[in-house]
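In case you want the letters, here they are:
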Amino acid sequence: MRPENYQAKSQPPSNEYELNFGPNHPGIEGNYAFKVKLNGDEVLEARADAGYLHRGFEKLMEGRLWIQNIALVPRICVPDPVPMEVCYSLAIEEIGGLEVPERAQWIRVMHLEMSRLAAHLFAFGGHAATTGMYTPMFWGVADRDLVLDRFEELTGGRVYSIYNIPGGVRRDIPDGFLERLSSLLDYLESRLPDYDNLFFTNQVFVKRARDVGKMTQEQALKWGVTGPNLRATGLAFDVRRDDPYLVYDRIEFDIPTEPGGDALSRNLVRRAELKQSIHILRQVIDRLPSIKGPIRCPIPNPLAWNVPAGEAYTRVESSKGELAYYVVSTGGDKPYRVHVRGPSSMHAVQVLENLAVGCRLEDIAQIMFSLDACPPEVDR
Amino acid sequence: MSKELNIWLDNLLEDIESVQFKRKSSRRVRVDVASEALPALLELLQGHASYVHLSAISCVDWIADNEFELVYHVWSYETRSLVSAHTRIPRDPGVYLSIYDLYQPAAFFERDIHEMFGVYFEGSPDMGKFILTEWDGPPPMRKDFDSEAFVNQTFSWEQYHPQWLKDIEEQGGGITTRPEDVR
């Protein structure tokens, strides 16, 4: 029962074979493929194959008004969309010389840290699933949903907020929001020991993730690694502290690091960052009520807004690493050029290709998730 | 330490000819450099001024000037400052040198720019297709590529007008105005 054009191909006897890993597999938050060459279970060569989520955002943005693009940018990274809005708005504010009111800056910090919490809960849950542990995944996703409830209350959207606009934020926080956020933080903090017991100190995970996908600090710097993945190699670098934006220079927080550089260290850094984000949010809750004033500065009619000619390169620390926007204006009502530098454009391509070599087939998904790679950031 | 390095950088950039340099803020420096001098400048920044992190390479199509602008954003973990080195190359033939030897992350950005703008980087490890695997048209991020016109030429709106929609429209519902009539 063979097709008519079937011809058997003779090959020399070998244990090597090629495998198409993806575009749909449990290792990644989206569609992303990997072509791996294997000898038995050992990976000899790996090539990333992107493009399954390419929607041409950069081209689309050139054809839309400055303000319309706010609805486009969060879609570039589904698990952590808020930094996209903020980074794009920061660039327009820099070009247009807009002064964001202090209250709006604090609200943005609150929004960003909530997004970081949601993204890290998603990331460690996803990583657990790649090692066959499904309970942490359900817990992570369920607790992330509670953060999404607060997003919905604050912005009207559960995932894509479209809340941070050039000049400030769209509306002020609802009455009683900070109390509800505070009780959510209490709940999430009380869950951290449970996560530890179930996942972060669980020997099933620890033994599985130790020394998997290991890189040294030197390699990490050479490959352009940023964010939690870089901090997991022992370098305490964080855009929030070292290249501060908004009011991060007035907030106290630690930069957790781990020395290992492996999948375990990367998860432990994210675990420590959950605590730091809760700590930052509590400071915002303390200080926000005393900061009065407008939530955005006056901007021209956004439907006929010619942003002055200029260019800006703005960076923020997203949950995945360094996110940057290069925006060029020629004085028109639409951007002339927007370039999105997603942290995953390094992590999901070169870093992953390098780390996969020498590992076993069953660890590829784990390495991918430990890097917290977000394919739409690569494809854009 | 960091202040001294910054002063050193200022002096260095003022000394080099064909380099225009502008401090935009305490942590942002803009450098405009001729395309022949850019690899040397980056080598200097990386080797002597600790700018070891290539944050991104951005490409801008200045079609009116018939030029591409390439912007190399490099970050120093020591001095905590970002240098954006701008250079322009002629749009035709659109060939430039790869900086992969200096910064490995350049491979991704150069491949991306080659795919989206058609700029060829000599010495880059892989100039093959990556994101637009099944695309054989012109590089889509060029300003002379009009995606809307391309869609209208390539696809027919009628093709997406199935029988069930016609049935609904006969009863007065559905998409009653076609997209091209709205525009």
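The structure displayed is predicted, hence computed values, not measured ones.

**Thoughts on the packing of aromatic side chains**
Residues and elements named next belong to chain A. With the rule as written, the count across this model stands at 18 aromatic pairs over all chains. Ring pairing ties together the aromatic residues Phe124, Tyr195, Phe199, Phe200 and Phe205, which thus form one cluster. The aromatic ring of tryptophan 139 is capped on one face by arginine 191, whose charged end is 4.3 Å from the ring centroid.

**Looking at the sheet that holds strand 3 (residues 42-49) of chain A**
Residue and element names in this part refer to chain A. The antiparallel open sheet is built from 3 strands, whose spatial order is 1-2-3. In this open sheet, the two strands that pair with only one neighbour each are strand 1 (16-21) and strand 3. In this sheet, adjacent strand axes meet at a mean angle of 20 degrees when their direction is disregarded. Here 6 bridges tie strand 1 to strand 2 (residues 33-39), and the two strands are oriented antiparallel to one another. Counted as the bridge partner of glutamate 16 is asparagine 39 from strand 2. Its contacts with the sheet place helix 11 (residues 344-356) against strand 2 and strand 3, and it is angled at close to 170 degrees to strand 3.

**Quick notes on the pattern of salt bridges**
Per the counting criterion, the structure on display carries 46 salt bridges over all chains. A salt bridge links A:Arg315 to A:Glu322; its shortest N-O distance comes to 2.6 Å. Since its relative accessible area comes to 2%, A:Arg315 is described here as buried. The shortest N-O distance in the salt bridge between B:Arg111 and B:Asp126 comes to 3.6 Å. Taken as a pair, B:Arg111 in helix 3 (residues 106-117) and B:Asp126 in the loop between strand 7 (120-122) and helix 4 (147-154) lie far apart in primary sequence, 15 residues in all. Residue B:Asp126 is classed as partly exposed on the basis of its relative accessible area of 23%. Here the salt bridges share partners, and the residues they tie into one network are A:Glu113, A:Arg116, A:Arg231, A:Asp238, A:Arg240, A:Glu273 and A:Glu317.

**Examining helix 11 of chain A**
Residues and elements named next belong to chain A. Spanning 13 residues, helix 11 covers only 16 Å between terminal C-alpha atoms, well under the ideal 18 Å at 1.5 Å per step. By the largest-angle criterion, glutamine 350 marks the main kink of helix 11, which is about 30 degrees. Looking only at helix 11, the buried set comprises Ser344, Ser345, Met346, His347, Ala348, Val349, Gln350, Val351, Leu352, Glu353, Leu355 and Ala356. Within two residues after helix 11, glycine 358 carries a phi angle of roughly 95 degrees, on the positive side.

**Here we look at the interface of chain A and chain B**
Contacts between the two partners involve 42 residues from chain A, matched on the other side by 43 residues from chain B. Both faces combined, the contact of chain A with chain B buries some 3,400 Å², and carbon together with sulfur accounts for 53% of it. Among the residues chain A hides against chain B, the three largest losses belong to A:Lys59, A:Tyr313 and A:Tyr336. Together they make up 19% of the total. Summed over the shared surface of chain A and chain B, the number is 7 salt bridges. On inspection of chain A and its partner chain B, the count reaches 21 residue pairs in polar contact (both at pLDDT 80 or more). With 4 residues, the top contributor of residues to the side of chain A that touches chain B is helix 11 of chain A. Considered class by class, the residues forming the side of chain A that touches chain B number 17 nonpolar, 8 polar and 17 charged.

What counts and how
Sequence positions are assigned chain by chain, starting from 1 and proceeding in written order. Lettering for chains starts from A, numbering for ligands starts from 1, and both go in the order in which the items are written. Totals for whole chains, interfaces and linings use every residue, but because this is a predicted model, local features are given only for residues with pLDDT of at least 70 and side-chain atom pairs only at 80 or more, for both listing and counting. Working from all heavy atoms in the structure, the side-chain values ignore hydrogens and water. Ring pairs shown here join Phe, Tyr and Trp side chains whose ring centres sit within 6.5 Å, with only the six-membered ring taken for Trp; geometry is labelled stacked below 30 degrees between planes, edge-to-face above 60, and tilted in between. Over a ring means this: the NZ of a Lys or the CZ of an Arg is within 6 Å of the ring centre and within 35 degrees of the ring normal. Pairing between two strands is assigned when DSSP locates at least 2 bridges connecting them. Helix and strand labels come from DSSP, where a helix needs a run of H or I of at least four residues and a strand needs a run of E of at least two; each type is numbered from the N terminus. An axis is simply a line fitted to the C-alpha atoms; with a helix, the fit covers only the stretch in contact. Between two such axes, the angle follows the N-to-C directions and lies from 0 to 180 degrees. Contacts are residue-level and defined by heavy atoms, with any inter-residue pair within 4.5 Å sufficient. Only one rule defines a salt bridge in this text: a Lys or Arg side-chain nitrogen within 4 Å of an Asp or Glu carboxyl oxygen. Exposure categories follow from relative accessible area, calculated using a 1.4 Å probe and restricted to protein chains: below 20% of the type maximum is buried, above 50% is exposed, and the middle band is partly exposed. In this analysis, the expected span of each helix is defined as 1.5 Å times one less than the number of residues it contains. Fitting one axis to the seven residues ending at a residue and another to the seven starting there, the bend at that residue is the angle between the two axes. The term buried area denotes the loss of accessible surface (1.4 Å probe radius) that occurs when two parts are joined, taken as the sum for both partners. Definition of a polar contact: a pair of N or O atoms within 3.5 Å, with one able to donate and the other able to accept a hydrogen when the atoms are protein atoms, and with sequence-neighbouring residues admitted only if both atoms are side-chain atoms. Amino acids are sorted into nonpolar (Ala, Val, Leu, Ile, Met, Phe, Trp, Tyr, Cys and Pro), charged (Asp, Glu, Lys and Arg) and polar (every other residue, Gly among them).

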